[in-house]
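Each chain, written out:
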Amino acid sequence: MIAADGPGYHVDRVDLGDGGAALRFAGELRFRQCFASWQNVRRLARPPTPRMEFDLSHVDHLDGAATALLLDLRSELVEAGAAAEIVGAQGPVLAMLQLYGAHPPRPSAKDPPAQIGILDQIGHEVLTTVAETRLLDFIGDVSIAGAQALRRPSTINWADVPHLMERAGADGLPIVAMINFLVGMVTAFQAAIQLKQVGANIFVADLVGLSMTRELAPLMTAIIVAGRSGAAFAAELGTMRVSEEIDALRTLGLDPYQFLVFPRVLALILVLPLLTIMADLVGIAGGLLVAMLTLDLTPSAYLIEVQRVVGLWDVFSGCLKTMFFGLSIALIACQRGLATHGGAEGVGRSTTSAVVTSLFAIVVVDAIFTVLFNAVGW
Amino acid sequence: MPSAGDAPIITVEHLTIGYGETVVLENLDFTVPRGAVFAILGGSGSGKSTVLRHLIGLETPMRGTILVNGAPPVRTAGAPGYGVLFQSGALFGSMTLAENVALPLRKWTRLDAAAIDTIVRSKLRLVGLEGFENHLPAELSGGMKKRAGIARALALDPPLIFLDEPSAGLDPVSSVDLDQLIVALNHSLGMTTVVVTHELASIFAIATECIMVDHEARSIIARGNPVALRDGSTDPRVAAFFNRRTLAA
């Protein structure tokens, strides 16, 4: 082959007579037009001679991406052992070559990711998650800071606890109340359909009372708190991490765990049982509404039945679980926040991860308690 | 005020630093004299901020030793012996300026609220922010945040202060104001200042000594007075940096 054509350009291969060859380009080298036909130009350059010239004297236009094609072709020939150079460029064509050719090509600083099997991938992801989230560091640091705080409780930033309790508790009251009221109503509705058929209307009070106090109110309240407060804690600490405020705390001699983490843990441990008690009452009220409207029960009949069947332990066991829910949510959210990296995007990732992991932890803790209570007959 | 015969306030020996298994700089040896304004220079990505993070104890060296005022920078107890200005100021967003500056005083002193308030006002006056005590950081400009960060770093009257890219993000006028403040603190209080920067105008205005680190060499490639290096260094990398030209030129 001695010539190649493409839209808007033409290339001739010319023998220079001294063992060298030249590719003489003419016309306009625009990437969109060149790219599809560039294989012809590459074929024209084969076989390479010891000396190859790319003559651009008759090129009127050269854009950036077409420059890259030329430089790649030159590099290819150099790697094949030829001495390849670009000659004849002038004006804007020369300026483009100088701009794109200013930095010599460098090999990649990092190897491409290796293909690994699925088991290796799972292991790699687990190890990466543990390393990137600095999970083991967090567990160690919390343990040490916790031991120090037990020895000297005054080192904890107690001043922040009431404010955090207000944000997690008081500010969350309306949504916790509304959600649990609806949950109570829905539970009663679902039960009413079946109970009516067998004339056991009154047992709706048993169902709503026990399910709300033992499971539904603690779970729903913890889920809401995970979404509200867990996300807020992760976002706050994550933002502090990326704006170097955590580093600033450390350089001021303040322990981030005692100053930021423990107040949040204490706030949720204290607030969740209180919210759960309120959720119990509101959920039972939701069931009452349905009982009155669809099952023809009087309020007094419903409430007497609730009082008969729901014991102190039912309420207490639900509240006990929520203390551990609060501990889990706060620790997970703070850990995600403190492990944040990568600017605003990292804060978003940490917040999402905090909520998702907290929800998972809530269900796991709930399952553990359910098995535990069953095992001891509670 | 420190004198020439005093022991260096910072001593670094055979220091190798990096992240994970990646070495950024190795076998660094340098000292920071008391009372100096000492600049750590280098291009973007050269590792100068990494050096600073090791000097203030936020990172642990791979090898080598760092002594700040005769002790390792990673403290386990006691008040910090230095102040730090982070690049963005790192003011605590939920606290007012006064609360930010008061925080180290509340933690490390037994002063009562009135005494702390007096000190806070004096520090804010020192940096030209008197009257802004009740402002939140979000209500301040970039230059004001840097000044507030310096006020907090000075709260405990440390003999040493670290400044991480103090001019970053500032307009030329604010940058000059900050340089003048740094020089005034150094002259009036004898405070040793370690500055990480690549702003040439600031370097020549404030630094009495410097080291220059280089990413490719992974070591210190120049040390001394910045003006002397600009005018007399034969290393093309150093000459290019100080004279603001490319290496090929």
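Coordinates for the structure precede this section.
On a predicted model such as this, the values are computed, not experimentally measured, just so you know. (Residues numbered from 1 in each chain as written. Chains lettered and ligands numbered in written order. Predicted model: local features only at pLDDT ≥ 70, side-chain atom pairs only at ≥ 80, totals over all residues. Heavy atoms only, no water.)

Participant: Go over the interface of chain B and chain A with me, naming the residues and quoting the values.
Facilitator: Taken together, the contact between chain B and chain A spans 22 residues of the former and 14 residues of the latter. Summed over the shared surface of chain B and chain A, the result is one salt bridge. A salt bridge links Asp247 of chain A to Arg53 of chain B; the nearest nitrogen and oxygen atoms lie 2.9 Å apart. Along the contact surface separating chain B from chain A lie five residue pairs in polar contact (both at pLDDT 80 or more). Looking at the side of chain B that touches chain A element by element, the count peaks at four residues for helix α2 (residues 97-108) of chain B. When the residues that make up the side of chain B that touches chain A are grouped by side-chain class, the tally is 12 nonpolar, four polar and six charged. (Contact = heavy atoms within 4.5 Å. Salt bridge = Lys/Arg side-chain N within 4 Å of Asp/Glu carboxyl O. Polar contact = N/O pair within 3.5 Å; in protein donor to acceptor, adjacent residues only side chain to side chain. Helix = DSSP H or I, 4+ residues; strand = E, 2+ residues; numbered from the N terminus. Nonpolar A, V, L, I, M, F, W, Y, C, P; charged D, E, K, R; others polar.)

Participant: Account for the pairing of strand β3 (residues 20-29) of chain A, naming residues and giving values.
Facilitator: Residue and element names in this part refer to chain A. Summarising burial for β3: seven of the 10 residues are buried, a large majority. Looking at chain direction, strand β2 (residues 9-15) and β3 are connected through seven bridges and run antiparallel. Considered in β3, the bridge of Asp12 is made with Arg24. By the bridge criterion, nine bridges tie β3 to strand β4 (residues 51-62) in an arrangement that is parallel. Note that in β4 the partner of Ala22 across the bridge is Glu53. (Buried < 20%, exposed > 50% of the residue type's maximum accessible area, 1.4 Å probe, protein only. Pairing = 2+ DSSP bridges.)

Participant: Break down the pattern of salt bridges for me, with residues and values.
Facilitator: Applying the stated criterion to the full structure yields 26 salt bridges over all chains. The residue Asp55 of chain A makes a salt bridge to Arg24 of chain A at a minimum N-O spacing of 3.7 Å. In this pair, Asp55 of chain A sits in strand β4 while Arg24 of chain A sits in strand β3, placing the two residues 31 residues apart along the sequence. A relative accessible area of 13% means that Asp55 of chain A is categorised as buried. Lys48 of chain B serves as the salt-bridge partner of Glu165 of chain B, at 3.9 Å between the closest nitrogen and oxygen. A residue pair is termed long-range when its members are at least 10 positions apart, and Glu165 of chain B in the loop between β6 (160-164) and α5 (172-189) and Lys48 of chain B in helix α1 (residues 48-55) qualify at 117 residues. Per residue, the accessibility class of Glu165 of chain B equals that of Lys48 of chain B, and both read buried. Taken together, the salt bridges that share partners define one network made up of Arg241 and Asp247 of chain A together with Arg53 and Glu59 of chain B.

Participant: So what about the nonpolar core? Which residues, and what values?
Facilitator: Ranked by size, the top nonpolar core spans 102 residues in total, and within it Val204 and Tyr302 of chain A together with Ile10, Phe30, Leu55, Phe162 and Val194 of chain B carry the most contacts. Top element by residues in this core is helix α11 (residues 256-294) of chain A. It accounts for 19 residues. Setting aside residues no more than four positions away along its own chain, Ile10 of chain B makes contact with Phe30, Thr31, Val32, Leu55, Leu67, Val68, Leu160, Phe162 and Val194 of chain B. Leu91, Leu97, Leu124 and Leu163 of chain B belong to the second largest nonpolar core, which has 31 residues in total. (Core = buried A, V, L, I, M, F, W, Y, C linked by side-chain atoms within 4.5 Å.)

Participant: Break down the sheet that holds strand β9 (residues 219-224) of chain B for me, with residues and values.
Facilitator: Residues and elements named next belong to chain B. If you walk across this open sheet you meet the six strands as β5-β6-β7-β3-β8-β9, and the pairing is mixed. Edge positions in the sheet fall to β5 (83-85) and β9, since each of these pairs with one other strand and no more. Along the sheet, successive strands turn relative to each other by an average axial angle of 15 degrees, direction set aside. The pairing of β6 with strand β7 (residues 192-196) spans five bridges and is classified as parallel. What sits directly across from Leu163, in β7, is Val195. Contacts from helix α4 (residues 142-153) reach β5 and β6, with the element oriented near 170 degrees to β5. (Axes fitted to C-alpha atoms, helices over the stretch in contact; angles between N-to-C directions.)

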